[in-house]
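If you want the building blocks of each chain, they are given just below.
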Amino acid sequence: MPPKQRKIAIMGYRSVGKSSLSIQFVEGQFVDSYDPTIENTFTKTTKVNNQEYELKLVDTAGQDEYSILSTQYSIGIDGYVLVYSITSPKSFEIIQIIYDKLLDMTGKVNVPVVLVGNKKDLHMDRVVTQEEGRKLADSWKAVFLEASAKQNEVTSKKCVADIFHTMLMETEKTNGNTSDIKCSIS
């Protein structure tokens, strides 16, 4: 069976770790040096539930409350990984604005979203609680995860790949394929 093609956009305020999460997933490494992303696309083949996916990750430039989301972020995109930093209340505020803009732009009431609170390794600098993140995700009917791109770790001792595997499962649910979905890393 040929791989299913899925396109996922990773969005959030600047410096929240969108590129770090993408690179950790695609290349298995943490890149410490920071160059603001213009826009990058990464491709990786991965397997979830014995189904192969050719995943295109659109790593967007950091958005703020004034940025106009380009329609390219609604056309052909199957799901969105929305990222904020647990150390930045501004990034948490911006992610809510981005979500509202996505709904306006796509014209949908519900879009497949995984909300990620990144930089959980910086727990001493935490300002956005896990409860606040979970509550926001629940209001969106989205999956919520906290992650550390640096430590390749996600809630419950999983790895960054689980963010993208979870996103693929969410896109399948939206497409009506809800047959007992389980995540397996490969």
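Residues numbered from 1 in each chain as written. Predicted model: local features only at pLDDT ≥ 70, side-chain atom pairs only at ≥ 80, totals over all residues. Heavy atoms only, no water.

Participant: When you look at the environment of Val143 in this model, what are you seeing that I'm missing?
Facilitator: Assignment of secondary structure puts Val143 in strand E6 (residues 143-148). Look at Val143 and you get partly exposed, because its relative accessible area is 22%. Measuring from C-alpha to C-alpha, the distance between Val143 and Asp78 comes to 15 Å, with 65 residues separating the pair along the chain. With sequence-adjacent residues up to four places away left out, Val143 is seen in contact with Val113, Val114, Leu115, Ala137, Thr166 and Glu170. (Helix = DSSP H or I, 4+ residues; strand = E, 2+ residues; numbered from the N terminus. Buried < 20%, exposed > 50% of the residue type's maximum accessible area, 1.4 Å probe, protein only. Contact = heavy atoms within 4.5 Å.)

Participant: Would you mind showing me how to read the packing of helix H2 (residues 89-106) against helix H3 (residues 130-140) here?
Facilitator: Two packed helices can be described by the angle between their axes and the distance between those axes. It is the contact of H2 with H3, at a shortest axis distance of 12 Å, that shows an interaxial angle of 5°. Taken together, the axes of H2 and H3 lie roughly parallel to each other. Residues Phe92, Ile95, Gln96 and Tyr99 of H2 lie in contact with H3, whose contacting residues are Glu132, Gly133, Leu136 and Trp140. (Axes fitted to C-alpha atoms, helices over the stretch in contact; angles between N-to-C directions. Parallel < 35°, antiparallel > 145°, perpendicular 65-115°, else oblique.)

Participant: Explanation requested: the environment of Thr171 in the structure shown.
Facilitator: Positionally, Thr171 belongs in helix H4 (residues 161-174). We classify Thr171 as buried; its relative accessible area is 1%. When the C-alpha atoms of Thr171 and Asp78 are compared, they prove to be 6.2 Å apart, with 93 residues separating the residues in sequence. Those residues in contact with Thr171 that lie beyond four places of it in its chain are Arg6, Ile8, Asp78, Gly79 and Pro112. Within the structure, Thr171 has its side chain in polar contact with the backbone oxygen of Leu168 (distance 2.7 Å). (Polar contact = N/O pair within 3.5 Å; in protein donor to acceptor, adjacent residues only side chain to side chain.)

Participant: Where do I start with helix H1 (residues 18-27) in this structure?
Facilitator: Because an α-helix completes one turn every 3.6 residues, residues spaced three or four positions apart along the sequence face the same direction. Among the ten residues in H1, eight count as buried, and that is most of the element. Of the positions making up H1, those classed as buried are Lys18, Ser19, Ser20, Leu21, Ser22, Ile23, Gln24 and Phe25.

Participant: How do you make sense of the side chain of Thr46 when you look at a structure like this?
Facilitator: The topology assignment puts Thr46 in strand E2 (residues 39-48). Here the side chain of Thr46 touches His165 through a polar contact of 2.6 Å, side chain to side chain.

Participant: So what exactly am I meant to see when it comes to the nonpolar core here?
Facilitator: With 52 residues, the main nonpolar core has Tyr80, Val81, Leu82, Leu115, Trp140, Ile163 and Phe164 as its most contacted residues. It is H2 that provides the largest number of residues to this core, a total of seven residues. Beyond its immediate stretch of four places on either side in the chain, Phe164 contacts Ile10, Leu21, Ser22, Phe25, Leu55, Leu57 and Val81. (Core = buried A, V, L, I, M, F, W, Y, C linked by side-chain atoms within 4.5 Å.)

Participant: What is the right way to read the sheet that holds strand E7 (residues 153-154) from this model?
Facilitator: Sheet strands associate in pairs through backbone hydrogen bonding, adopting either a parallel or an antiparallel arrangement. Spatially, the seven strands line up as an open sheet ordered E2-E3-E1-E4-E5-E6-E7, and their pairing is mixed. With one partner strand each, in any of the chains shown, E2 and E7 form the two edges of the open sheet. Looking at chain direction, strand E1 (residues 4-12) and strand E3 (residues 51-60) are connected through seven bridges and run parallel. Paired with Lys4 across the two strands is Tyr53, which belongs to E3. Lying over the sheet, H1 contacts E1, E2, E3, strand E4 (79-85), strand E5 (113-118) and E6, oriented at roughly 155° with respect to E3. With respect to the sheet, H2 is in contact with E1, E4 and E5, its orientation differing from that of E4 by roughly 160°. (Pairing = 2+ DSSP bridges.)

Participant: Would you mind showing me how to read the packing of aromatic side chains here?
Facilitator: Aromatic ring pairs are defined here through the distance separating the ring centres and the angle between the ring planes. Applying the stated criterion to the full structure yields three aromatic pairs. Here the aromatic rings of Phe25 and Phe164 are separated by 4.5 Å at their centres, their planes lie at 25°, and the arrangement is stacked. With Phe25 in helix H1 and Phe164 in helix H4, this pair connects stretches of sequence that are 139 residues apart. A relative accessible area of 1% places Phe164 in the buried class. Ring geometry for Tyr84 versus Phe92: centroids 4.8 Å apart, planes at 70°, classification edge-to-face. Phe92 carries the same exposure label as Tyr84, and that label is buried. A cation sits over an aromatic face here: Lys44 above Phe25, 5.1 Å from the ring centre. (Phe/Tyr/Trp six-rings, centres within 6.5 Å; stacked < 30°, edge-to-face > 60°. Lys NZ or Arg CZ within 6 Å of the ring centre and 35° of its normal.)

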